[in-house]
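Here's the letter readout for the chains.
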Amino acid sequence: MTATPDARPGTRPVATPGNGAALAPRTARDSGRDTTPYREALLRATAGLCLPDIDAALTGAPLYRATTPEGLLVLTLNGGQLPAEFLRRVHAFRLGQYVRQGWVDEAVAAERELWHEPYGEGAVRDFHTLVLERDSGRLRGYGTLALSAAPEGTRLGDAAHRPFFIERDYGFRLAEHLGAGTASHAVGEGKRLVRDRDMPRSQAAASVPWWVYLAWAHACLSVLERPGGAIVGDGKKNGAIHQLGLLGFDTRVLDLAPLPPAPGELFAPMWDQRERSYPFVLTDGGRLRPTLDFLTSVLTSGETGSVRARLTAFLEAHA
């Protein structure tokens with residue numbers, strides 16, 4: 001699942017499908033700037049990021065907390081519960097992981113001297129899912145559920161609605177798909193589900209993405225409880241969208257193409273992939289909680305084997 005950050009230059013305008021003129025992205029490959037020194041320094045700075053003694057550092061109880069048989073601590077919480085330095089490290093982890101995957105325009109990042117992903121007030125309001133090594137506090141997995149920046153009581157069709165990045169990236173309005181009267185705060189946007197690419201191959205490493213999904217989905221439940229509640233985002237049909245269906249979400253894919261990245265867009269390389277991403281809408285048709293309970297039992301059992309296969313069998317048996 002991919003998405004755009006909370007602050008960036010060259011933000012795409014809200015548009016209607018097909019109205020965007022092509023804008024060539026400026027990437028490190030055609031900037032002419034040697035970004036090697038910046039890249040190496042950033043990767044050193046973001047390697048082994050830790051949030052030590054996080055339980056003691058939190059303000060209030062997390063929305064979700066679990067410890068795993070592999071020695072991991074899994075948390076979902078609001079950004080405002082984290083100390084400011086921990087929130088900065090979380091965004092440094094986000095940027096470092098995306099650089100490792102080749103999804104950052106390094107020339108843009110170097111020019112802006114970025115050592116963490118830009119973020120604003122929304123980071124305090126949003127849900128953050130963290131998977132850490134319990135003993136060291138080293139961050140190994142992450143995901144976000146971003147909430148609306150619109151004033152409370154705003155509806156998707158109102159002029160005061162603050163478009164989600166998925167609306168900006170694909171040039172559409174959620175009001176057309178979820179209803180103009182749906183509250184903006186009944187929608188959450190899934191972003192940045194990643195695993196530490198430096199994590200050695202192990203059972204713990206194999207479990208991290210599923211723990212991220214599980215803990216992140218509990219944040220989704222708190223949004224879906226609202227009338228008309230929905231989760232939006234984008235991803236590949238055979239990747240994140242398929243996996244979200246395995247979690248028990250009802251998934252709806254919107255056949256919309258992304259608008260071309262604007263010049264200077266930090267994450268422009270993310271859009272230059274062989275397999276395209278599609279926007280999606282997730283809702284709860286009644287399978288979500290039972291499937292999450294089953295996934296919990298699978299992950300806490302400590303048994304090896306394919307989580308995907310067991311989820312598939314579970315859903316088929318309960319279809």
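The shown structure was predicted, so the numbers you read here are calculated from the model rather than taken from an experiment.

A. How the structure looks around the packing of aromatic side chains. All told, the structure shown has 7 aromatic pairs when counted by the stated rule. Taken together, a centroid distance of 5.5 Å and an interplanar angle of 50° make the contact between tyrosine 38 and tryptophan 115 tilted. Placement of the pair is tyrosine 38 in helix α2 (residues 36-46) and tryptophan 115 in the loop between α5 (106-111) and α6 (122-125), with a sequence separation of 77 residues. Lying over the aromatic face of phenylalanine 165, arginine 168 brings its terminal NZ or CZ to 5.3 Å of the ring centre. Cation over ring: arginine 192 sits above phenylalanine 267, and NZ or CZ is 4.5 Å from the ring centre.

B. Representation of the sheet that holds strand β7 (residues 250-253) within the structure. As summarised here, the arrangement of the 8 strands in space is β1-β2-β3-β4-β5-β6-β8-β7, forming an open sheet in which the pairing is mixed. Bordering the open sheet on either side are β1 (64-67) and β7, each of which pairs with just one other strand. In this sheet, neighbouring strand axes are inclined to one another by 20° on average, regardless of whether the strands run parallel or antiparallel. Note that strand β2 (residues 72-78) and strand β3 (residues 127-133) share 7 bridges and pair antiparallel. Note on β3: the bridge partner recorded for valine 74 is valine 131. Where helix α4 (residues 84-100) meets the sheet, its contacts fall on β3, β4 (139-147) and β5 (187-195), and the angle it forms with β4 comes to roughly 105°.

Reading guide: rules and limits
- Residues numbered from 1 in each chain as written.
- Predicted model: local features only at pLDDT ≥ 70, side-chain atom pairs only at ≥ 80, totals over all residues.
- Heavy atoms only, no water.
- Phe/Tyr/Trp six-rings, centres within 6.5 Å; stacked < 30°, edge-to-face > 60°.
- Helix = DSSP H or I, 4+ residues; strand = E, 2+ residues; numbered from the N terminus.
- Lys NZ or Arg CZ within 6 Å of the ring centre and 35° of its normal.
- Pairing = 2+ DSSP bridges.
- Axes fitted to C-alpha atoms, helices over the stretch in contact; angles between N-to-C directions.
- Contact = heavy atoms within 4.5 Å.

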